[in-house]
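Working through the structure, step by step
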Amino acid sequence: MNSVAEKPKHVDPTDFAAAAINQALSRERKIKILSDMVRIRRFEEKAGEYYKGKGGQTFMGGFLHRYDGQESIAVGCASLMGPNDHMITAYRDHAHALAVGMGMNECMAELFGRATGCSKGKGGSMHYFAPDKNYWGGHGIVGGQTPLGAGIAYGLKFKGLTGSCMTFMGDGAVNQGAYHEALNLAGLFDLPVIFVIENNGYSMGTSQCRSSAYKNCLAYRADGYDIVWDLINGWDVYEVRAKMQIAVERAHKECRPTVVEINTYRHYGHSVSDAKAKVYRPEDEIERYKQHFDPINLWKNRLVEESVVTESEYETIDNDAKAEAQSSIEFSLASPFPEFEDITKDVYFEVDEFTAAGRTGRHFFND
Amino acid sequence: MPVITYREAIRHALDEELARDENVVVMGEEVAQYDGAYKVTEGLWKKWGDKRVVDTPISEAGFIGMGIGASMLGVRPVMELMFWSFAYVAWDQMINNAASVRYMSGGKINCPIVIRGPANGGTNVGATHSHTPENFIANTPGLKVICPVTPYDAKGLMKSAIRDNDPVYVMENTLLYGMSGEVPEGEYTIPLGVADVKRTGSDISLICHGRAVLTCLEAAEILAAQHGIDCEVVDLRSIRPLDEETILESVRKTHKAIYVEENKPFCGVGAQIASLIQDKCFDDLDAPVLRISAVDAPAIYSPPLEKLQLPYPDQVVAKVLEIA
């Protein structure tokens, strides 16, 4: 079997805890990183539980792409965001949403298709947005968000703002033409965009070596566009932060793009309906990553070593996260579905706002 | 009133909106230093500089997507497609992203972007350069699509499109760029979703959009002179939003309607209008609603044949005589 396990994983012996950006990390912020990672895990677990249904009742439709195992990336990157740093990602988007500060209630209610959901029940699992928190989704088409990320960076530069747009994608997205076009534009126009390849080794059920032709690593392709690239061990929050910070500074100070490839592993399938998740990946591979490379365990152990948290404090963080996730279920179940009339709202700005432009001509053709 | 070309009218609209709003940026292949493949943007780069008029590589999916992303942040990009036929390589960005992001975000985001360029056959460039995708666009909730035919309409509608806070896709026509018409000096706009009766008449309604409007006007003159038939010509100007009232008012007066377009027949704009008419004023009709579209095949290259593939005045005359 051509599995990711056959490929040597990137290991950098540097102790990234010594990086200035990590030295500057307060005890509170280290704990916040831990608790955000745990909250994401518990959210995904609870979502998975209700996705399957209970007592013959179903609660969600569509797909559910869980993030379990990759938490250090979304949280580590979000922890670096300043006022003009933005994020956009693909369909495995719950973690980034929670990491930038969206609430579990609105995120869970969206999965339940309720009017109280972050997109009023109109987007679903793959389409979370919070522009007020610099979070631009949540996009369903593989690679389709990469030109948008370049565009957000273009907008920042156009408006004279010092910022960046972290544009996330999976390892499957690197073979989409849109990504390469975005790379070319980012290099050509000097855009402050950071393309983050969350490499979990599988584009759905196809391993990296079965889907990509490449030299060195996937990020290395950036070299052809004269874009600086880097490889990151995603299991280490310190490394994610230290190397991403270099990219953020490059965006801020040089207004230049970066491509980073962050090695990681997803504990579950491509989506919850991925029945073959254990067929295309050897079971011992999955277990090995769960046992030895769970970013939450690794970060927790690190913080215990540093005497930042105790095991019992971790228990409290975990229990709080579980309670918050459970409470978001109750919130969702108590929330109404959108009204039938809501189907045709939020289509056109001018119609919703009842502006002069929204009042001439017919916009909908339902009868 | 000054007489200027369709091309100049669009250029004036772009120039005035660049002056009016610092967030407007004109972007596309060859729009800046080359002065535009069809010279629509001639002189704008020289006047406005690198920040406001931007040459892009030949990379439609990339730069259209980039424009959509920038528009989410409040930039107002006016993107030129050298041909609308090239839109298909950017289709994911134009349909999945621009049209859907407002909806999928529950109204948190909007995309004030304009995508414009020529969408027409009739220039012997074969199937890959002759597409008229206004019906595809109109089939996509979240998008607006307009097809101006006169310089006056082109300028007024373009200015409204740029000020609109939703994505507006503008279908121009290379055969119209050099045509002239009266355009007043100074500020005016034409709202989207308002049709224009280009010729009043009492016997039959020729409803149309794009260059087919000119075909209909020519046919109307022939019908008046040679057959004593008084045609009304209704130019939709805007496909979505659609001015239903003007269409229905005309049909209630003339009791007969033919839709004429350079789009293909199956699920074309005319199909929607025919459905509307039978639905809303069936009792007013004295004849079935007929349609004339491009001959249902990819655009043929051979010049004399392509003339016959698109609607032409004598064809409209013959169709009118079937029911008049």
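Throughout this description, residue numbers start from 1 for each chain and increase along the sequence as written. Chain A is the first chain written and ligand 1 is the first ligand written, with later ones labelled in order. Given that this is a predicted model, residues contribute local features only at a pLDDT of at least 70 and side-chain atom pairs are listed and counted only at 80 or more, while totals for whole chains, interfaces and linings are drawn from all residues. To get the side-chain values, take all heavy atoms of the structure and skip hydrogens and water.

**A short note on the overall build of chain A**
Helix numbers and strand numbers start at the N terminus; a helix is a DSSP run of H or I with at least 4 residues, a strand a run of E with at least 2. Helix and strand content of chain A: 13 helices and eight strands. Both definitions apply: the radius of gyration is a C-alpha atom measure, and the globule rule equals 2.2 Å times residues to the power 0.38. Here the C-alpha radius of gyration of chain A, 21 Å, is about what a compact globule of 367 residues would show, namely 21 Å. In terms of principal-axis extent, the alpha carbons of chain A reach across some 65 × 55 × 45 Å. The 367 residues of chain A split such that 58% are buried. Within chain A, residue pairs in contact and separated by at least 24 positions form 73% of the contacts whose partners lie at least 6 positions apart. Note on areas: Shrake-Rupley with a 1.4 Å probe; residue coverage comes only from the protein chains shown. If you sum the accessible surface of chain A, you get close to 14,200 Å²; carbon and sulfur atoms cover 52% of it. The positive count covers Lys and Arg only, the negative count covers Asp and Glu only, and His and the chain ends enter neither. Where a charge sits is defined by one atom per residue type, namely NZ (Lys), CZ (Arg), CG (Asp) or CD (Glu). Taking the average place of the 40 positive charges on the side chains of chain A and the average place of its 50 negative ones, the gap between the two points comes to 2 Å. Whether a residue is buried, partly exposed or exposed follows from its accessible area with a 1.4 Å probe, protein chains only, as a fraction of its type maximum: under 20%, in between, or over 50%, in that order. Residue contacts are defined here by distance: any two heavy atoms, one from each residue, within 4.5 Å place the two residues in contact.

**A look at the packing of aromatic side chains**
Each aromatic pair joins two rings of Phe, Tyr and Trp (for Trp, the six-membered one) with centres within 6.5 Å, and gets the label stacked for planes under 30 degrees apart, edge-to-face for over 60, and tilted for any other angle. Taken as a whole and judged by the stated rule, the model has 22 aromatic pairs over all chains. Relative to F293 of chain A, the ring of W235 of chain A has its centre 5.0 Å away and its plane inclined at 50°; by these criteria the two rings are tilted. Taken together, the residues W235 of chain A in the loop between β7 (228-233) and α9 (237-254) and F293 of chain A in the loop between α10 (283-292) and α11 (295-305) connect sequence positions 58 residues apart. Residue classification places W235 of chain A among the buried positions, given a relative accessible area of 6%. The rings of Y6, Y38, F83, F86 and Y177 of chain B are connected pair by pair, giving a single aromatic cluster. For the cation-ring pair, R288 of chain A lies above Y289 of chain A, with the distance from its terminal atom to the ring centre recorded as 5.1 Å. Counted as over-ring charges are cases with an Arg CZ or a Lys NZ within 6 Å of the ring centre that also lie within 35 degrees of the ring normal. Lying across the ring of Y268 of chain A, K290 of chain A places its NZ or CZ 5.1 Å from the centre.

**So, the packing of helix α2 (residues 27-51) of chain A against α11 of chain A**
Residue and element names in this part refer to chain A. Where α2 contacts α11, the two axes come as close as 10 Å, and the packing angle between them is 155°. Relative to α11, the element α2 lies roughly antiparallel. Here the hand of the crossing between α2 and α11 comes out left-handed. Along its contact with α2, which presents K30, I31, I33, L34, M37, V38 and R41, the element α11 presents P295, I296, W299, K300 and L303. Angular values range over 0 to 180 degrees, each being the angle between N-to-C directions of two axes fitted as lines to C-alpha atoms, with helices fitted over their stretch in contact. Here the angle decides the label: under 35 degrees means roughly parallel, over 145 means roughly antiparallel, 65 to 115 means roughly perpendicular, and every other value means oblique. Take the far helix as your reference; a near helix turned counterclockwise from it by less than a right angle gives a left-handed crossing, and one turned clockwise gives a right-handed crossing.

**Some remarks on the pairing of strand β5 (residues 114-118) of chain B**
Note on strand geometry: in a regular strand, side chains alternate between the two faces of the sheet. All names here are of chain B. With five of its five residues buried, β5 lies for the most part within the structure. Paired strands, as defined in this entry, are two strands with at least two bridges between them according to DSSP. The sheet contact formed by strand β4 (residues 76-80) and β5 spans three bridges and is parallel. Looking at the pairing, E80 lines up with R116 of β5. Inspection of the sheet shows β5 paired to strand β7 (residues 168-172) by five bridges, in the parallel sense. Bridging across to β7, P118 finds its partner in E172.

**Looking at the interface of chain B and chain A**
Across the contact, 61 residues belong to chain B and 50 residues belong to chain A. When two parts are put together, the accessible area they lose, computed with a 1.4 Å probe and summed over both, is reported as buried area. Both sides together, the interface formed by chain B and chain A hides about 4,300 Å², and carbon and sulfur atoms give 63% of it. For R362 of chain A, the salt bridge is made with E244 of chain B, and the minimal N-O distance between the two is 2.3 Å. Whenever a nitrogen or oxygen atom comes within 3.5 Å of another N or O atom, the pair is scored as a polar contact, on the condition that within protein one atom can donate a hydrogen and the other can accept it, and that pairs from neighbouring residues in sequence are kept only if both atoms are in side chains. Counting the contacts that link chain B with chain A gives 25 residue pairs in polar contact (both at pLDDT 80 or more). Between Lys or Arg on one side and Asp or Glu on the other, a salt bridge is scored when a side-chain nitrogen of the former is within 4 Å of a carboxyl oxygen of the latter.

**Focus: the domain arrangement of chain A**
Put simply, an interface is often sized by how much accessible area is lost when its parts join up. All names here are of chain A. Each domain span listed reflects an automatic or database assignment of domains. According to the domain assignment, chain A consists of domain 1 (14-52 + 60-335) and domain 2 (337-367). Relative placement of domain 1 and domain 2: their C-alpha centres are 34 Å apart. Facing seven residues of domain 1, the contacting portion of domain 2 comprises five residues. Buried area between domain 1 and domain 2, summed over both chains or domains, comes out near 490 Å², and the portion from carbon and sulfur atoms is 47%. One salt bridge in this structure joins K122 and D346, with 2.8 Å as the shortest N-O distance. Where domain 1 meets domain 2, there are four residue pairs in polar contact (both at pLDDT 80 or more). Throughout this entry, Asp, Glu, Lys and Arg are counted as charged residues, while Ala, Val, Leu, Ile, Met, Phe, Trp, Tyr, Cys and Pro are counted as nonpolar. The remaining residues, Gly among them, count as polar. Across the side of domain 1 that touches domain 2, the residue classes break down as two nonpolar, two polar and three charged.

**Some remarks on the side chain of R102 of chain B**
Residue placement: R102 of chain B occurs in helix α5 (residues 101-104). Side-chain polar atoms of R102 of chain B contact the side chain of D352 of chain A, separated by 2.7 Å. In this structure, R102 of chain B is in contact with D346, V347, Y348, F349 and D352 of chain A together with G107, K108, I109, N110 and D166 of chain B, ignoring residues within four places of it in sequence.

**Describing the sheet that holds β4 of chain B**
Residue and element names in this part refer to chain B. Pairing is mixed across the open sheet formed by seven strands, whose spatial order is β3-β2-β4-β5-β7-β6-β12. This sheet does not close on itself; its edge strands, each paired only once, are β3 (53-55) and β12 (238-240). Each adjacent strand pair in this sheet contributes to an overall mean axis angle of 20°, direction not counted. The strands that helix α3 (residues 60-72) touches are β2 (24-28), β4 and β5; relative to β4, the one it contacts most, it runs at about 165°.

**Some thoughts on the pairing of strand β8 (residues 258-263) of chain A**
Residues and elements named next belong to chain A. Burial analysis of β8 places six of its six residues in the buried class, the great majority of the element. Side-chain alternation along β8 places T258, V260 and I262 on one buried face and V259, E261 and N263 on a second face that is also buried. Looking at chain direction, strand β4 (residues 193-199) and β8 are connected through six bridges and run parallel. If you follow E198 over to β8, its bridge partner there is I262. Each parallel crossover has a hand, and for β7 linked through α9 to β8 it is right-handed. Look down the strands so they point away from you; if the path from the first strand over the helix to the second goes clockwise, the crossover is right-handed.

**As for the nonpolar core**
Judged by nonpolar contacts, the single largest core of 82 residues is most densely connected at Y154 of chain A together with W84 and I207 of chain B. Considering each element in turn, this core owes the most residues, seven residues, to helix α6 (residues 145-158) of chain A. With sequence-adjacent residues up to four places away left out, Y154 of chain A is seen in contact with F189 and L191 of chain A together with V25, M27, V54, M66 and A70 of chain B. Within this scheme, the nonpolar core is defined by two criteria: the residues are buried Ala, Val, Leu, Ile, Met, Phe, Trp, Tyr or Cys, and they are joined through side-chain atoms within 4.5 Å. Grouped together as the second largest cluster of nonpolar side chains are 63 residues, M37, A78, A97 and M102 of chain A included.

**A word on the side chain of H270 of chain A**
Residue and element names in this part refer to chain A. With respect to the secondary-structure elements, H270 resides in the loop between β8 and α10. Classification of H270 by relative accessible area gives buried; the value is 11%. If we ignore the near neighbours within four places in the chain, the residues touching H270 are H65, Y91, R92, M204 and Y280.

**Side note on a nonpolar patch on the surface**
Residues and elements named next belong to chain B. Where nonpolar side chains cluster on the molecular surface, the patch consists of I300, L305, L308 and Y312 and spans about 330 Å² of accessible area. Here L305 shows up in helix α11 (residues 303-309). We classify L305 as partly exposed; its relative accessible area is 42%. Distance thresholds for patches are 9 Å for like charges and 5 Å for nonpolar side chains (Val, Leu, Ile, Met, Phe, Trp, Tyr), applied to residues having over 30% relative accessible area and no salt bridge.

**Notes on the sheet that holds strand β3 (residues 164-170) of chain A**
Residues and elements named next belong to chain A. If you trace the six strands from one edge of the open sheet to the other, you get β2-β1-β3-β4-β8-β7, paired in parallel fashion. At either margin of the open sheet sits one strand with a lone partner, and together these are β2 (135-138) and β7. Neighbouring strand axes in the sheet, compared pairwise and without regard to direction, differ in orientation by 15° on average. The strands touched by helix α7 (residues 177-188) within the sheet are β3, β4 and β8, with β4 carrying the most contacts at an inclination of about 145°. Lying on the sheet, α9 is in contact with β1 (85-89), β3, β4, β7 and β8; it crosses β7 at an angle near 160°.

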